[in-house]
Amino acid sequence: MLEHIGLLVAGGALLYLGAEWLVQGAAGLARVLGIAPIVIGLTVVAYGTSAPEVVVTLIAAVDGRSAIALGNVIGSNIANLGLILGLTAAISPPRVEAALIRREVPVLIAVSVLLPLMLIGGEVSRPEGLVLLAAATAFTILTLRLTRTVAVPPKLAAEVKEEVEREAGHGSRARLAALTALGLAVLLVGGKIFVEGAASLARELGMSESLVGLTIVAVGTSLPELASSIVAALRRHADLAVGNIVGSNIFNITAVLGLASVAQPVQGSLAAGWVEIVTMLVLTAVSALLLRGERRISRLEGGVLLLVYAAFLVLIA
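Residues numbered from 1 in each chain as written. Predicted model: local features only at pLDDT ≥ 70, side-chain atom pairs only at ≥ 80, totals over all residues. Heavy atoms only, no water.

In this model, helix H8 (residues 173-205) (33 residues) spans 47 Å end to end at C-alpha, consistent with the 48 Å of a helix rising 1.5 Å per residue. Looking at the residues trailing H8, positive phi occurs at Gly206, about 75°. (Helix = DSSP H or I, 4+ residues; strand = E, 2+ residues; numbered from the N terminus. Expected span 1.5 Å × (residues − 1).)

In the predicted model, the protein carries a mean pLDDT of 85, and 94% of its residues have values of at least 70. Within the protein, no element has a lower average pLDDT than helix H7 (residues 154-167), which sits at 70, and none a higher one than strand E2 (residues 266-267), at 94. (pLDDT = per-residue confidence, 0-100.)

Over its 26 residues, helix H11 (residues 238-263) runs 36 Å from end to end, which matches the ideal 38 Å to within 8%, given 1.5 Å per residue. At Asn252, H11 is bent by approximately 40°, the largest bend along its length. The buried count for H11 comes to 21 of 26 residues, which makes it a mostly enclosed element. (Bend = angle between axes of the 7 residues up to and from the residue. Buried < 20%, exposed > 50% of the residue type's maximum accessible area, 1.4 Å probe, protein only.)

For the structure on display, the rule yields 4 salt bridges. The residue Lys192 makes a salt bridge to Glu196 at a minimum N-O spacing of 4.0 Å. Pair noted here: Lys192 and Glu196 are both in helix H8, with a separation of 4 residues, about one helical turn. Looking at Glu196, the relative accessible area reads 27%, which means it is partly exposed. (Salt bridge = Lys/Arg side-chain N within 4 Å of Asp/Glu carboxyl O.)

Turning our eyes to something else, we now look at the nonpolar core. Judged by nonpolar contacts, the single largest core of 68 residues is most densely connected at Ile74, Leu115 and Leu257. The element contributing the most residues to this core is helix H4 (residues 66-91), with 11 residues. Beyond its immediate sequence surroundings of up to four residues, Ile74 is in contact with Leu115, Leu214, Glu276, Ile277 and Met280. (Core = buried A, V, L, I, M, F, W, Y, C linked by side-chain atoms within 4.5 Å. Contact = heavy atoms within 4.5 Å.)

Below, the structure is given as structure tokens:
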């Protein structure tokens, strides 16, 4: 038992460190190359924090552990909205930006509904994975184009710039490239150890791999988002955390699951996974309601999200 827990902890630590080094190196390189902070924040930093989900889901899928792969994607989205958004609002109620409502919330709703539709056939196939990857690419291109044509609110632009300065590494191009490569290598090693530890722990405790993926693996791979959101809330930049959370959920379904299912079709059953799918859809709908206008998500509303997440854990346990 201790050996399995040790693997899980070691893998989780490597995932966290790998993601940190990958973001520092890549963001530093982008800054040295003269890329605008808002672009770095919306791509390198935002997607870099989802690197653990990418690596763990891909490794699990290739290893034939579809339950962990799918559970990680769905569980991470549930944790992002219930645990991380709820905790962020409880610490520092964030204000919702109008651009987020117009651009990202409709996409979040659409891809969240698309996921169970793809599982009707019992798997997310390679062609469906390609559709998801195409959606991720189109969404990223659209987001970057809008930063050129639509004025970014000054407060949000300042927060993004500060986050980029905090996340980006310093040094020569060679040093930053090496840091990026090191981060990627550590991520891959950590992901392999983490998946093995999770599967071994599931067998030891008599838990299903799906349950482990929805809970331990999902929270473990969401640590970068959790850490960055808490830091943003404590720095009174909780508005930025909301965009990161919504963007992460879109990325998880489109890019993370898309990449994994292209590598190896991801098996999944609507009948067996209805609790987590319904929970994800409910939390998505509730979050969309909270993001309905330029307003603040209150501490009370954050508490409701945390309660829903706690109820989900109790229900699946």
